[in-house]
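Given next are the chains, with one letter for each unit.
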2 protein chains.
Amino acid sequence: MHIGILGSGLMGAKLGTIFAGKGHDVVFSYARTRGKLDRLARQAGGNARAGTVAEAAHQEVVLLAVHWSRLGDVLRLAGDLAGRVVITCSLPMNRGDSKLVIARTSSGAEALQKKRPKARVVSAFGTVPSEVFFPLQRARPKNRPSLLYCGDDARAKKTTAGLIADAGFDPVDAGPLEMARYMEPYTLLIAQLAYESGKSAKLAYRFERY
Amino acid sequence: MHIGILGSGLMGAKLGTIFAGKGHDVVFSYARTRGKLDRLARQAGGNARAGTVAEAAHQEVVLLAVHWSRLGDVLRLAGDLAGRVVITCSLPMNRGDSKLVIARTSSGAEALQKKRPKARVVSAFGTVPSEVFFPLQRARPKNRPSLLYCGDDARAKKTTAGLIADAGFDPVDAGPLEMARYMEPYTLLIAQLAYESGKSAKLAYRFERY
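## Notes on the relation of the copies chain A and chain B
Argument step 1. Placing chain A over chain B gives an RMSD of 0.0 Å and needs a rotation angle of 180°, together with 0.0 Å of translation along the axis. Seen this way, the second copy is the image of the first under a two-fold rotation axis.
Argument step 2. A share of 98% of the interface residues of chain A reappears at the interface of chain B, consistent with the copies meeting face to face through the same patch.

What follows is the structure, encoded as structure tokens:
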């Protein structure tokens, strides 16, 4: 699969590295410096490379992993994203990262879909802290943790589920894109447990039925 | 422990029954008929009995498990709940149960604390479907599922954690009461997975660290 990473911070860098390790073609874009992107691509190995936002946005799958305050800027550079599977893990937080600026009656994922109506938006990967990705790759547990995703485009969701499995999780379909209204607040709950509980941030969750 | 149940619907009836089975004194209250409360108490066995809301509200621990539209009515009957550990699993839904009427900048649990400032409010038990309680009692898994709780009163939280353990879960402290802003939307996510996924509603979740 050809994957463009928009935003090569903690989430984008780690997920892009994992996807490259699974044999996908990955274009890292949108970091503070081109040097950082080059380093990332080199470290990721495989078919990873640094590129512009326009190049990343041209891939069949695009991971949106920028701070919400950067959304307008990166979308302007990315164009209309028509037909692309756009997987977003960008949480609609204010600049101070203290609260959601969209919630209850909409979500960041739905706002993104409205801004880019021709994109096939799926919300995924945002519900776990980036700290868990590499340790999970090493741990390879028999009972994989769950990872929620939601969206309105069935094929885009199937593609996303494959990438979630590549990252070592059991993909759990949370339904239509509007479920992001509940997934995004869940992310803040997870952040509390990861960063404020005094325990390790290498946190994931698993749904179980009895 | 002396536990009053306000609202003997699915959640209240099952949790009260489990608490009675663990040897606690339980007063069931606030059902459509007194006959239903009597039946519940008889089936629960142990030290369970039917009572008025005032009697239930007089116990050291009070479980609030009414539909949000009933909150004003039940609180009027319950009095000021001063000093009581009030565990709420009541989600602030509209009458049609289609959306949260409080979210993002507050939560049902925080609204309850404002209405009853002398109560020691803890949010718990709302994040799993009632369908899982009895099967979990039977399954007794080695790796217990998690159950989130949050509140501002340390002793009330400790009491709540004990009851969560009695119900077969591993209690997970989600922090101050305002975290209910994220726990309540999480409940809707869980409801989606329990009732709309085509799979069993006997659903729970477990946090794991890698």
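## Describing the interface of chain A and chain B
Argument step 1. Contact residues are listed per partner, giving 41 residues for chain A and 40 residues for chain B.
Argument step 2. For chain A, the biggest contributors to the area lost against chain B are Y182, R209 and Y210 of chain A; these three give 26% of the whole.
Argument step 3. At the surface where chain A touches chain B, the tally comes to two salt bridges.
Argument step 4. A salt bridge links R206 of chain B to E208 of chain A, with the shortest nitrogen-to-oxygen separation between them at 3.8 Å.
Argument step 5. Across the contact surface, chain A and chain B share 15 residue pairs in polar contact (both at pLDDT 80 or more).
Argument step 6. When contributions to the side of chain A that touches chain B are tallied by element, the ones reaching two or more residues are α6 (133–139), β8 (170–173), α8 (180–195) and β9 (203–209) of chain A.
Argument step 7. If you tally residues by element for the side of chain A that touches chain B, the top one is α8 of chain A, at ten residues.
Argument step 8. Grouping the constituent residues of the side of chain A that touches chain B by class yields 29 nonpolar, five polar and seven charged.
Argument step 9. Where β9 of chain A lies against strand β9 (residues 203–209) of chain B, seven bridges are found, and the strand directions are antiparallel.

Procedures and definitions
- Residues numbered from 1 in each chain as written.
- Chains lettered and ligands numbered in written order.
- Predicted model: local features only at pLDDT ≥ 70, side-chain atom pairs only at ≥ 80, totals over all residues.
- Heavy atoms only, no water.
- Least-squares fit on C-alpha atoms with pLDDT ≥ 70 in both.
- Contact = heavy atoms within 4.5 Å.
- Buried area = accessible area lost by both parts, 1.4 Å probe.
- Salt bridge = Lys/Arg side-chain N within 4 Å of Asp/Glu carboxyl O.
- Polar contact = N/O pair within 3.5 Å; in protein donor to acceptor, adjacent residues only side chain to side chain.
- Helix = DSSP H or I, 4+ residues; strand = E, 2+ residues; numbered from the N terminus.
- Nonpolar A, V, L, I, M, F, W, Y, C, P; charged D, E, K, R; others polar.
- Pairing = 2+ DSSP bridges.

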